[in-house]
Amino acid sequence: MLSSTLFSAIILFSTSVQAGGNLGVVGLGRSLFEPLCCYGCLSSLWGLKLSCTEVQSADSKGPSSALCHATDATYLSSLAYCMKSKCAEEDITASATEQCWGKVAGDGLSMKALEDYLPATTPTIQLSYGSLSLQEVSLVNDRYYQDSKQTIQGYVKQESAHALYGTILICAVVGFCLLIRPLQWIADILTGSAFARSVIDIFRKHVTKPALVGTIHLRKLPGSLGYTPSRFLTLLIICYVALNLVLCAINYPTLNPDTWYTTSSAQRTSFVANRVGVLSFANVALLLIFSGRNTPLHFITNAPRSDILTFHRWVGRIATIQAIVHVALYMQGTNKNGENMFTLSAGIHTVNYRESYWLMGEIAAAAMVFMVVIVSILPIRTKVYEIFLFLHILLSIAILATLWHHVVFRFNKVYGYEVWLYISFAFWGFDRAVRVLRIIGNNWKSLFTSRHPSSIVELLPGGEFIKVTVFPSQPWNFSAGQHCYLYFPSLRTNPFQSHPFSIAGWSNGQQPQQPETNRVKSTNSTTVETEITEMDTLPIVSPKHHSTDPRQHKSRKPHITFLIRPKNGATSHLHKSLLAQSRTSSSRGSKISVFLEGPYGLGAPAHFRNADTIVGVAGGIGITSIMSYLQLYLSLQEEKKGKSTRFLLVWKVREESLEAAVRSMIDDDESLKQKGVEVMIIKKEDERERIDVGDLVRREIGSGQNMGKNVCVISCAPGGMADAVRAAVVGCIGMKGTSVELVEEAFAW
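Residues numbered from 1 in each chain as written. Predicted model: local features only at pLDDT ≥ 70, side-chain atom pairs only at ≥ 80, totals over all residues. Heavy atoms only, no water.

Colleague: Teacher, can you tell me more about the packing of aromatic side chains here?
Modeller: The geometry of two aromatic rings is summed up by the distance between their centres and the angle between their planes. This model, assessed by the stated rule, comprises 23 aromatic pairs. Ring centres of Trp404 and Phe425 lie 6.1 Å apart, and the angle between their planes is 50°; this geometry places the pair in the tilted category. Taken together, the positions of Trp404 in helix α15 (residues 385-411) and Phe425 in helix α16 (residues 418-448) put the pair 21 residues apart, joining distant regions of the chain. A connected cluster of aromatic rings, assembled from ring pairs, spans Phe33, Tyr39, Tyr155, Trp260, Phe411, Tyr415 and Tyr417. The ring of Tyr145 carries the charged tip of Lys86 above its face, separated from the ring centre by 4.9 Å. The ring centre of Tyr600 lies 4.3 Å from the NZ or CZ of Arg438, which sits over that ring. (Phe/Tyr/Trp six-rings, centres within 6.5 Å; stacked < 30°, edge-to-face > 60°. Helix = DSSP H or I, 4+ residues; strand = E, 2+ residues; numbered from the N terminus. Lys NZ or Arg CZ within 6 Å of the ring centre and 35° of its normal.)

Structure below.
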């Protein structure tokens, strides 16, 4: 379903209905300047100075106005005779000729039939080649007419090439994405062969899994310029950039003869500018395809969200560079009226344009530069996320709106350039619509049912972290490695801004029912569970906790738990509110409205379920993601499913309050050990011993107890720690007797 949605939106460029019954873009469902005899005549006469031209143009350098063309009898008679005679010679039907006449004779103004403008006698005077004015009804110059037709044919061929290359670009990128999952399936099938397995391991060890250079992947680059993509993603980005360069550089034949451009240099400049402009539009469409939270590409490729967003940013950079080149070439070579680059005869390709198209293009390019160079840099994204999100949405709308007006004001929907934007609108609208449906589906009881429990936010002991428990309106099939976006509409911040958080734990609400004594009466005499006011002991990791404390079993409503480290923006406001409340009250929590959007992420991969040993490595608040994998492991143990018999949790933590909070949410070490779970916590005071997490993972994979087994390593940690884990896993790929996989939960957005 998602694949068909993706293709439907992409194919929109060739199926959207445009003015005049044309479809798609030039050369792909849309034709220009047909019948050619009609436009050959128009090009031969349109730029000539008429008796009415001087009235509307003091310096007489510009073309005649539409009103001048529609009322000048000499021009209309000459054009009518040319079209009737030339089209008849080329076997064009009278109806097709008449239809073209109605379109072009008055530059869009309503005109009488062609027959009404035919001269009473056949003209005898033929214009000279390159004539500048039309004094009386005349025959067009035959050679100039033929040259005009060849010029138009060459121009249309170039515009068709631009559209074709834009289509190739989109199809190549999306087509590769469609191949990723089948290639993964083939690789999984081939792993049964020892030879194929060794080849696949070599590819994984040297291409798909390692960092680009050395071990630097999730560590920030100097100056916080960003993150280094993995080696495989870097190769894909290089191929994408190379494809853009090739498509920008090929197929620029010189039109000769040429009646539209002032010089051959102007002709080449225009062709290059148009090419990069069209490719920029195609890349804007790709940009929106890769941008949404609900992009079908995520489900098609099974790629991490961080990788999709990395590619999204590179597409944005290329689109911006192409837009800059497009604007720079035209600003250097001409102006909004086409002077110094185009002859007056070339004006037929932009009849009735609005001069503000030029300004719209400049604004769009400037907004794209501001977006890429300022708004989207890593320090802005991480330090002032809410400002980044607001500006990102605002600038995206501004860019799409100005690009739309740029091409519509210039070409009046004749060329189909706006179809690239239809793809963008389709994916943007699809993502927003799905997000709204997700929010309604997850929160409709909170919105419309007073008995549904409010979300619980609690300040954890130590006052540094927040626990949020949300009650969705309907049960989910939760899984490990997923995340949700939370909205806090009651805070004094922008209620429309959402923040992504890893799911630390969940319950499907299938706890045994408690006696009636565990219920209390509310002020309106309706019965509510005590869970609404006592959420501090909700089980997170072990859904079937065997504690004797009856409060551990109260909850029968589905709920999701998040652990949050407060930063700037909404989480900072929430943290300050809870701190203030704790000073004036014994309660450390409160009930507030929290809207849930999600879950996102495809859940635990197959090699997690097929692993004999699971190694979870967490750093700080990264424990939230690992906790979800631990909960899934324990659930599979309870249900006698899955192959896993051992789960090693390695957690490096500095905050004692965070450690205490997590400890309170899971079974004690002895109970976990009985289920095959070993917990190794590296505290701040242990750092003096310089425990090498990478070496620890390497030794675990290579230990005798894992010989002949499948090992799955999961990491969710700060950059340096995550990179050490990746390097350790890569070093162990191909190790005799052991198969190892890496799941990296990286929120390097």
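The discussion continues.
Colleague: Sorry, what's going on with the confidence of the model for the protein chain here?
Modeller: Low pLDDT means the predicted atomic positions in that stretch should not be read closely. Residues of the protein chain with pLDDT of at least 70 account for 88%, and the chain-wide mean is 85. Per-residue pLDDT, averaged within each element of the protein chain, yields its smallest value for strand β9 (residues 527-529) (33) and its largest for helix α9 (residues 231-249) (97). Contacts of residues 1-21 to residues separated by more than four positions or lying in other chains number 47 contacts, the stretch itself having pLDDT below 50. Below a pLDDT of 50 lies the segment residues 511-555, which in the model reaches 79 contacts outside its immediate sequence neighbourhood of four places, other chains included. (pLDDT = per-residue confidence, 0-100. Contact = heavy atoms within 4.5 Å.)

Colleague: Can you help me understand the sheet that holds strand β3 (residues 455-459) in this one?
Modeller: Strand pairing within a sheet occurs via backbone hydrogen bonds; the two strands may be parallel or antiparallel. If you walk across this open sheet you meet the five strands as β7-β10-β4-β3-β11, and the pairing is antiparallel. Sheet topology places β7 (505-507) and β11 (589-592) at the edges, where each strand pairs with a single neighbour. In this sheet, neighbouring strand axes are inclined to one another by 20° on average, regardless of whether the strands run parallel or antiparallel. When strand β4 (residues 466-470) meets strand β10 (residues 559-564), the two strands line up antiparallel, connected through five bridges. In the strand pairing of β10, Ile466 is matched with Ile564. (Pairing = 2+ DSSP bridges. Axes fitted to C-alpha atoms, helices over the stretch in contact; angles between N-to-C directions.)

Colleague: Explanation requested: the pattern of salt bridges in the structure shown.
Modeller: Pairing of side chains with opposite charge becomes possible as their charged atoms draw close. Summed over the entire model, instances satisfying the criterion amount to 22 salt bridges. Between Glu597 and Arg435 there is a salt bridge whose closest N-O contact spans 3.5 Å. On the criterion of sequence distance, the pair formed by Glu597 in strand β12 (residues 595-600) and Arg435 in helix α16 is long-range, its members being 162 residues apart. Side by side, Glu597 and Arg435 carry an identical accessibility label, which is buried. (Salt bridge = Lys/Arg side-chain N within 4 Å of Asp/Glu carboxyl O. Buried < 20%, exposed > 50% of the residue type's maximum accessible area, 1.4 Å probe, protein only.)

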